[in-house]
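Here is what each chain is made of, one letter per residue.
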Amino acid sequence: MLFLTFIISLFSSIFITPFVIKFAKKTGFMDKPNERKVHQHAVPLLGGLVIYISFLIGMLLFKPTHPGLSAILLGGFIILIVGIIDDKYTISPGAKMLGQFLAATVIIFYGGIDVDFINLPLGGVLEFGYLTIPITYLWIIGVTNAINLIDGLDGLSAGVSAIALIAMSGMAFIMADYFVLTVGLILVGSILGFLPYNFHPAKIFMGDTGALFLGFMVSVLSMLGFKNITFISFVVPILILGVPLSDTFFAIVRRIVNRRPISAPDKSHLHHCLLKLGFNHRQTVILIYSISAMFAMFAFIFSMTTVWGSIFLIAIILLSLELMIEKIGLINQQYKPILRLIETLKVSTKSRNR
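Here is a short report on the structure shown in this document. (Residues numbered from 1 in each chain as written. Predicted model: local features only at pLDDT ≥ 70, side-chain atom pairs only at ≥ 80, totals over all residues. Heavy atoms only, no water.)

### Some details on the overall build of the protein chain
Across its full length, the protein chain holds 15 helices and 4 strands. Whereas a compact globule of 354 residues would reach a radius of gyration of roughly 20 Å, the protein chain reaches 21 Å, a difference of no more than 12%. With the C-alpha coordinates of the protein chain rotated into their principal frame, the extents come out at 75 × 55 × 35 Å. Each of the 354 residues in the protein chain was classed as buried or not, and the buried ones make up 51%. At a minimum sequence separation of 6, the contacts of the protein chain that also span at least 24 residues come to 73%. Seen as two clouds, the 25 positive and the 16 negative side-chain charges of the protein chain have centres 10 Å apart. (Helix = DSSP H or I, 4+ residues; strand = E, 2+ residues; numbered from the N terminus. Rg over C-alpha atoms; globule rule 2.2 N^0.38 Å. Buried < 20%, exposed > 50% of the residue type's maximum accessible area, 1.4 Å probe, protein only. Contact = heavy atoms within 4.5 Å. Lys, Arg positive; Asp, Glu negative; His and termini not counted. Charge placed at Lys NZ, Arg CZ, Asp CG, Glu CD.)

Quick look at the structure:
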């Protein structure tokens, strides 16, 4: 049954995509090249509509049940409309944020979905209290924008979302959460059916329609799959979404350091940095897929290890992440504290050995 869920969504997406490509061309939903974009000619948008329609087909056929299902569907529809309007008219960041806030409001107040406490590893409970609603808003809007921000190369955002959803579906299977598992597989099938058309050289882009919708669904499913769990397991969805979340976090840091507005676009995201290092388009995308898969693997290991093992793993991940950031210049080319320290120690060691 679960395999059938995936297969139907997959083939629905494969079948629908050519029709949406024609529709996008006829209605003027085209992404034209500019100085910030890497493609050289206009490409049809609305790929997110393919994923959304395939998702609806899967949901209607398999009818997974959950008390917050109607809120999830309504919130997803609001996000979809915001994305379609942005793809056509390029609305302001504030208007997009308002749409995301509205969708998150539906999830929290109509769906009753939030994270109000976590169980601490050594006993006891950490209740969020008045911070429950702000934390939930921050998570939904943050993850939604994180997936949207990495949508800079053919197939990148779709592939990273698919890897995150595969990891979440695997965790849901272990935890016997069949709603998250079913919805996750429907979304994975919808993405993978679309991905051959979206991979470089892309015949169609997801646009904000797809990136915002996927980001929203990933944020909600991660909350459902890891709701009210232990502090150690609370880190699991953060690890699964390691690439988009870290890229977004360091984009904010970079803009603060360089004294630019947080919403100002730039060409210093992870994929831009890798392209500058000499990787081609496909190599960059596959490399980021590999990093995403590595984060997902860490999440599985993290969920099964001891408290001290988890702390050790986090330390390794943070150190590796910091070294990668410094090496590729994700904040700026001058930010290299650990690399400079290593270089200083090497020079000092050579001086003593003479």
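### Remarks on the packing of aromatic side chains
Under the definition given, this model contains 6 aromatic pairs. A ring pair is formed by Phe-199 and Tyr-289, whose centres lie 6.4 Å apart and whose planes are at 40°; its orientation type is tilted. Taken as a pair, Phe-199 in the loop between helix H7 (178-198) and helix H8 (207-225) and Tyr-289 in helix H13 (residues 281-304) lie far apart in primary sequence, 90 residues in all. On the basis of relative accessible area, Phe-199 is assigned to the buried category, the value being 19%. (Phe/Tyr/Trp six-rings, centres within 6.5 Å; stacked < 30°, edge-to-face > 60°.)

### Focus: the side chain of Ser-54
Tracing the chain through its elements places Ser-54 in helix H2 (residues 47-62). A relative accessible area of 0% places Ser-54 in the buried class. Among the polar contacts made by the side chain of Ser-54, one reaches the main-chain carbonyl oxygen of Val-50 at a distance of 2.9 Å. Once residues within four sequence positions are removed from consideration, Ser-54 is found in contact with Ser-9, Ser-12, Ser-13, Ile-16, Ile-186 and Ser-190. (Polar contact = N/O pair within 3.5 Å; in protein donor to acceptor, adjacent residues only side chain to side chain.)

### Describing the nonpolar core
Judged by nonpolar contacts, the single largest core of 103 residues is most densely connected at Phe-55 and Leu-187. Here Phe-55 is in contact with Leu-73, Val-183, Ile-186, Leu-187, Ser-190, Phe-213 and Met-217, once residues within four sequence places are set aside. (Core = buried A, V, L, I, M, F, W, Y, C linked by side-chain atoms within 4.5 Å.)

### Focus on helix H3 (residues 69-89)
Taking 1.5 Å per residue as the helical rise, H3 with its 21 residues ought to reach 30 Å, and the 30 Å between its terminal C-alpha atoms agrees with that figure. Every buried residue of H3 is listed here: Leu-69, Ala-71, Ile-72, Gly-75, Gly-76, Ile-78, Ile-79, Leu-80, Val-82, Gly-83, Asp-86 and Asp-87. Buried residues along H3 sit against H2, helix H4 (93-110), H7 and H8. (Expected span 1.5 Å × (residues − 1).)

### A few points about a nonpolar patch on the surface
Together, Leu-74, Phe-77, Ile-81, Ile-85, Tyr-89 and Tyr-110 line one region of the surface with nonpolar side chains, adding up to about 610 Å² of accessible area. Looking at the nonpolar patch element by element, the count peaks at 5 residues for H3. Mapped onto the fold, Ile-81 is located in helix H3. (Patch = residues over 30% accessible without salt bridge, like charges linked within 9 Å, V, L, I, M, F, W, Y side chains within 5 Å. Areas by Shrake-Rupley, 256 points an atom, 1.4 Å probe, with all protein chains shown as cover. Salt bridge = Lys/Arg side-chain N within 4 Å of Asp/Glu carboxyl O.)

### Concerning unusual backbone geometry
The residue after His-200, namely Pro-201, is reached through a cis peptide bond having omega -5°. Residues other than glycine seldom take positive phi values, yet Leu-46 does so here, at roughly 70°. When you line up the elements, Leu-46 lands in the loop between strand E2 (43-44) and H2. A relative accessible area of 2% places Leu-46 in the buried class. With phi around 45°, Lys-63 is a residue other than glycine that occupies positive phi space. For Lys-63, the position within the fold is in the loop between H2 and H3.

### Observations concerning the side chain of Lys-96
Examined against the element boundaries, Lys-96 turns out to sit in helix H4. For Lys-96, a relative accessible area of 16% corresponds to the buried category. Polar contacts involving the side chain of Lys-96 include one to the side chain of Asp-86, which spans 3.5 Å. Those residues in contact with Lys-96, other than ones at most four positions away along the chain, are Val-82, Asp-86, Ile-91, Asn-148, Asp-208 and Leu-212.

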